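# Geometric and topological summary
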Amino acid sequence: MAVIGFIGLGNMGGPMAANLVKAGHQVVGYDLVPAAIEAAKAAGVTIGESPAAIAAAADVVITMLPGGKHVLGVYGDIAPLARPGTLLIDCSTIDVDSARKAHALAAGTGAASLDAPVSGGVGGAAAGTLTFMAGGEADAFERARPILEAMGKKIVHCGGAGAGQAAKICNNMILGISMIGVCEAFVLAEKLGLSHQALFDVSSTSSGQCWSLTSYCPVPGPVPASPANRDYQPGFAAALMLKDLKLAQEAAQGAGAPTPLGAAAAQLYALMNAQGEGGADFSGIIRMLRGEG
Ligand code: NAD
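Residues numbered from 1 in each chain as written. Predicted model: local features only at pLDDT ≥ 70, side-chain atom pairs only at ≥ 80, totals over all residues.

Which entries qualify depends on this criterion: UniProt positions are given in the numbering used here, feature names are shortened, and annotations may be inferred rather than shown by experiment.
As named in an unreviewed UniProt entry, the protein is 3-hydroxyisobutyrate dehydrogenase, taken from Azospirillum palustre. The UniProt entry for the protein carries the following comment under Sequence similarities (unreviewed entry): "Belongs to the HIBADH-related family."

### Points about the overall build of the protein
Which entries qualify depends on this criterion: Numbering of helices and strands runs from the N terminus; a helix is a DSSP stretch of H or I covering at least four residues, while a strand is a stretch of E covering at least two. Around each residue's C-beta, the other C-beta atoms within 10 Å are counted; 20 or more make the residue buried, 12 or fewer make it exposed, and counts in between make it partly exposed. All C-beta atoms are placed from the backbone. In this description, a residue-residue contact is defined by the distance between C-beta atoms placed from the backbone, which must lie within 7 Å.
Counting its secondary structure elements, the protein contains 13 helices and nine strands. Across its three principal axes, the protein shows a C-alpha extent of roughly 65 × 45 × 35 Å. Here the protein, with 293 residues, has 49% of them falling under the buried criterion. Once local pairs closer than 6 in sequence are excluded, the contacts in the protein between residues at least 24 apart make up 64%.

### Focus: the site of the ligand
Stated formally: In this entry, near means the residue's backbone-placed C-beta atom lies within 6 Å of the molecule or strand. A domain assignment, automatic or from a database, supplies the domain bounds used here.
The environment of the ligand is formed by 27 residues, the closest being Gly8, Gly10, Asn11, Met12 and Thr93. Elements that contribute at least two residues to the shell around the ligand include exactly helix H4 (68–78), strand S7 (118–119), helix H6 (121–127) and helix H11 (238–255). Both domains that meet at the shell around the ligand, namely domain 1 (3–160) and domain 2 (166–289), each give it at least three residues.

### Here's the deal with the pairing of strand S9 (residues 152–159)
Filter applied, for reference: Should DSSP find at least two bridges between two strands, the strands are regarded as paired. A clockwise path from the first strand over the helix to the second, with the strands pointing away from the viewer, defines a right-handed crossover.
Sheet topology places strand S8 (residues 130–136) next to S9; six bridges connect them, and they run parallel. Looking at the pairing, Phe132 lines up with Ile155 of S9. Viewed along the sheet, the connection from S8 through helix H7 (residues 138–149) into S9 turns out right-handed.

### Overview of the domain arrangement of the protein
Rule in force here: Gly counts as polar in this scheme, as do all residues outside two lists: the nonpolar Ala, Val, Leu, Ile, Met, Phe, Trp, Tyr, Cys and Pro, and the charged Asp, Glu, Lys and Arg.
Assigned domains of the protein: these are domain 1 (3–160) and domain 2 (166–289). Taken together, the contacts link eight residues of domain 1 with ten residues of domain 2. Its residues assigned to classes, the side of domain 1 that touches domain 2 comprises four nonpolar, three polar and one charged.

### Concerning the confidence of the model for the protein
Cut-off, in case you're wondering: The predictor attaches a confidence to each residue, and that confidence, scored 0 to 100, is pLDDT.
Taken as a whole, the protein shows an average pLDDT of 97; of its residues, 100% reach a score of 70 or greater. Scored as a complex, the prediction yields pTM 0.95 and ipTM 0.99.

### Side note on the packing of helix H8 (residues 163–192) against helix H12 (residues 260–277)
Condition: All axes are obtained by fitting lines to C-alpha atoms, using only the stretch in contact for helices, and the reported angles, taken between N-to-C directions, cover 0 to 180 degrees. Roughly parallel refers to an angle under 35 degrees, roughly antiparallel to one over 145, roughly perpendicular to one between 65 and 115, and oblique to any angle outside these ranges.
Packing of H8 against H12 leaves a shortest axis separation of 9 Å and a crossing angle of 70°. One way to sum up the angle between H8 and H12 is to call them roughly perpendicular. Only Leu261, Gly262, Ala265, Leu268 and Tyr269 of H12 make contact with H8, whose side of the interface consists of Met173, Gly176, Ile177 and Ile180. Counted by class, the contact of H8 with H12 contains seven nonpolar, two polar and no charged residues.

### Comments concerning the nonpolar core
Short version of the rule: By our criterion, buried Ala, Val, Leu, Ile, Met, Phe, Trp, Tyr and Cys residues that link up through C-beta atoms within 7 Å make up a nonpolar core.
Val61, Ala144, Tyr269 and Ile285 are the most contacted members of the largest nonpolar core, which has 94 residues in total. Lining this core are residues from two domains, each supplying at least three of them: domain 1 (3–160) and domain 2 (166–289). Once you skip the residues sitting within four places of it in the chain, Val61 turns out to touch Gly5, Ile7, Ile54, Ala55, Ile78, Ala82, Thr86 and Leu88.

### Comments concerning the UniProt feature "active site" (unreviewed entry) in the protein
Within the UniProt annotation, "active site" (unreviewed entry) is assigned to Lys168. Note on placement: Lys168 falls in helix H8. In this view, Lys168 contacts Thr93, Pro117, Ser119 and Met133; residues no more than four positions away in its chain are not counted.

### Some thoughts on the packing of H4 against helix H5 (residues 96–108)
Where H4 contacts H5, the axes come no closer than 10 Å and their chain directions differ by 5°. Judged by the angle between their axes, H4 and H5 are roughly parallel. On H5, the residues that touch Gly68, Val71, Leu72, Tyr75 and Gly76 of H4 are Ser98, Lys101, Ala102, Leu105 and Ala106. Taken together, the residues of the contact of H4 with H5 sort by class into six nonpolar, three polar and one charged.

### Details of the pairing of S8
Within S8, six of the seven residues are buried, leaving the element largely enclosed by the surrounding structure. Of the pairings in the sheet, the one linking strand S6 (residues 112–115) to S8 comprises two bridges and is antiparallel in character. Directly across from Leu114, in S8, lies its bridge partner Gly136. Direction of pairing for S7 relative to S8: antiparallel, over a ladder of two bridges. By the bridge assignment, Val118 is partnered in S8 with Phe132.

### Overview of the UniProt feature "domain: 3-hydroxyisobutyrate dehydrogenase-like NAD-binding" (unreviewed entry) in the protein
In this structure's numbering, the residues bearing the UniProt feature "domain: 3-hydroxyisobutyrate dehydrogenase-like NAD-binding" (unreviewed entry) are residues 162–289. Across residues 162–289, the secondary structure splits into 65% helix and 0% strand, with the terminal C-alpha atoms separated by 35 Å.

### Some words on the environment of Gly44
Among the secondary structure elements, Gly44 is positioned in the loop between helix H2 (34–42) and strand S3 (46–47). Classification of Gly44 as partly exposed rests on a count of 15 C-beta atoms within 10 Å.

Below, the structure written as structure tokens:
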């Protein structure tokens, strides 16, 4: 079993590190927040002195941080101390450019690296059922696979450096757009006197079928597990959806890709956040579309 460094023990990183401990790895963690450190200790994670000290001692270092600037800051500390052969895996959701810079920092010291963002949320992190989308060299991916399998159930190699982040933001752009589409259809149905269940029964087996409707229905009733049934407690918070849609827009502008619906979705989620609803589940955007204050 490997010695695994884990930097960023928050809502996602905490339970992911705990699953690595359960799988028998020796996990040395680090975070800036005392509560995150205490929770990780209780789950069997040893706390390291600093990211650099962890990098010097670990076979593999995983980062799970808020954004690109945090990842590049930490990579600036850990890459120079990583041994040739150390594997650096960044599971944070960050912009594609920063992901590629992180790979370059790792390569500069002979360390192998992967960008491996996740989907599945806090529930998936706790249950060990995350999906990992990885970008990097094939041999780095093969080394990472058994470690990622302790935290997830689907592990996909998407291509070279940054391809994992590209897959993540493309997927979440589809999700943001499709959720708004489903919400608009329910709001129109309400105005036309069509019941939620009737629209669901038709569209869930027709050409309007999609995950936002059948797995995460934004109105209470048809899908009992969806956040609509618990007053839009997340789930996946609207603030995180906005973060991912902004990353998609940044990437689209850089790459010259036309994404008019992605841009509209980003604007609508920005409005939801500005109205103080960033902590609600992203499917709660239906309340804003109805004009509920
Ligand atoms: P979080 O804010 O709960 O955790 C981030 C942790 O990083 C915090 O505990 C913070 O103290 C720590 N941190 C920040 N800078 C640090 C540094 N320099 N050194 C050490 N620790 C540092 O966030 P989260 O919900 O765990 O999300 C982490 C990443 O996962 C984000 O990129 C997010 O977009 C992505 N993500 C989150 C979800 C979700 O549902 N929460 C789902 C998929 C992906």
